[in-house]
Amino acid sequence: CTGTHGELYVVEGDSAGGGFIECRSSKMHAILPLKGKIPSIINNPDDILKNKEIGELIGALGTGIGPNFDLTKLKYNKIICATDPDADGGHIFCLMTIALAILVPDIIQKGHFYLSKVPLYAINKGKTFIPLWTPDEITKARQDGGILRIKGLGELNSWQLKICCLDEKTRKLEKVNWSSNLQEIVNLFADVNKKRDLLKMEI
């Protein structure tokens, strides 16, 4: 993006990436589509930097890593992960989180990393599109009819993506908070049962 305090959206897949690019503000939003799954840095610590997805992500941040890391060179005020509202999308978010926590932890510690919450359902009637964020909203909308089940970001039109993920008036971002103990984070994401608990979706 052309602005100095913009947002980098890391999105799942080329289809969603194309939709984000169509509806973004070029001054405010940069888009990085993930074309493949990020490997687990826990299982592949020596090979992680050889991964194309990780390489492109670190390059987009601009900070470098390790002894060359410089937070003042971060190109964006917010790094936002936007994935499908399902277990696979949650898994990608988990892998991205642990990669950032180990490679560039200051980005999380200083409050620059966010999850873009994507609704499972929305009211969809003609040109009316309203994301449904809570079980009560979903129940009421079902009674009134005209409810859409959102299976993935790639199936939404660009203007619908803008409402769900980009428009500051309608989107919901959740800041990722840092744990003071990095080993706790590693253990959390390494334990398959704990990771399953993290991925449970509230419908």
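Up top you'll find the structure we're talking about.
Attention in this report is confined to the structure presented alongside it. Given the structure is predicted, the values throughout are model-derived calculations rather than measurements.

Comments concerning the nonpolar core
Inference 1: In this structure, Leu8, Leu61, Ile79, Met96 and Phe113 are the most contacted members of the largest nonpolar core, which totals 30 residues.
Inference 2: Counting residues per element, the ones that place at least two in this core are strand E1 (7–12), strand E2 (29–34), helix H2 (52–61), strand E3 (78–82), helix H3 (87–103), helix H4 (105–109) and strand E4 (113–116).
Inference 3: Among the elements that line this core, the one with the most residues is H3, at 8 residues.
Inference 4: In this structure, Val11, Val118, Phe129 and Cys164 belong to the second largest nonpolar core, which totals 20 residues.

Thoughts on the environment of glutamate 12
Inference 1: Here glutamate 12 lies in strand E1.
Inference 2: Sequence separation between glutamate 12 and isoleucine 92 is 80 residues; the distance between their C-alpha atoms is 8.2 Å.
Inference 3: If near-sequence neighbours (up to four positions away) are discounted, glutamate 12 is found in contact with Leu34, Ala82, Thr83, Asp84, Gly89 and Ile92.

Thoughts on the packing of helix H1 (residues 14–23) against helix H6 (residues 158–166)
Inference 1: Viewed as axis vectors pointing N to C, H1 and H6 meet at an angle of 85 degrees, and their least axial separation amounts to 8 Å. Judged by the inter-axis angle, H1 sits roughly perpendicular to H6. Between H1 and H6, the residues in contact are Ala16, Gly19, Phe20, Glu22 and Cys23 and Ser158, Leu161, Lys162, Cys165 and Leu166, respectively.
Inference 2: Classifying every residue of the contact of H1 with H6 by side-chain character gives 6 nonpolar, 2 polar and 2 charged.

A look at the sheet that holds E4
Inference 1: Read from one edge of the open sheet, 5 strands run E2-E1-E3-E4-E8, paired in mixed fashion. The sheet is open, and its two borders are formed by E2 and strand E8 (173–175), each paired with just one other strand. Strand-to-strand twist of the sheet, defined as the mean angle between neighbouring strand axes without regard to direction, takes the value 25 degrees.
Inference 2: Here 3 bridges tie E4 to E8, and the two strands are oriented antiparallel to one another. Paired with leucine 115 across the two strands is glutamate 174, which belongs to E8.
Inference 3: Sheet strands touched by H2: E1, E2 and E3. Its angle to E2, the strand with the most contacts, is close to 170 degrees.

Remarks on the packing of H2 against H3
Inference 1: Close contact between H2 and H3 brings their axes to 12 Å; oriented N to C, the two are set at 55 degrees. Judged by the angle between their axes, H2 and H3 are oblique. Viewed along their axes, H2 and H3 form a crossing whose handedness is right-handed. Across the interface between the two elements, Ile54, Leu57, Ile58 and Leu61 of H2 pack against Met96, Ala99, Leu100 and Leu103 of H3.
Inference 2: In terms of residue class, the contact of H2 with H3 is built from 8 nonpolar, no polar and no charged.

Scoring rules and cut-offs
- Residues numbered from 1 in each chain as written.
- Predicted model: local features only at pLDDT ≥ 70, side-chain atom pairs only at ≥ 80, totals over all residues.
- Heavy atoms only, no water.
- Core = buried A, V, L, I, M, F, W, Y, C linked by side-chain atoms within 4.5 Å.
- Buried < 20%, exposed > 50% of the residue type's maximum accessible area, 1.4 Å probe, protein only.
- Helix = DSSP H or I, 4+ residues; strand = E, 2+ residues; numbered from the N terminus.
- Contact = heavy atoms within 4.5 Å.
- Axes fitted to C-alpha atoms, helices over the stretch in contact; angles between N-to-C directions.
- Parallel < 35°, antiparallel > 145°, perpendicular 65-115°, else oblique.
- Nonpolar A, V, L, I, M, F, W, Y, C, P; charged D, E, K, R; others polar.
- Pairing = 2+ DSSP bridges.
- Left-handed = near helix turned anticlockwise from the far one by under 90°.

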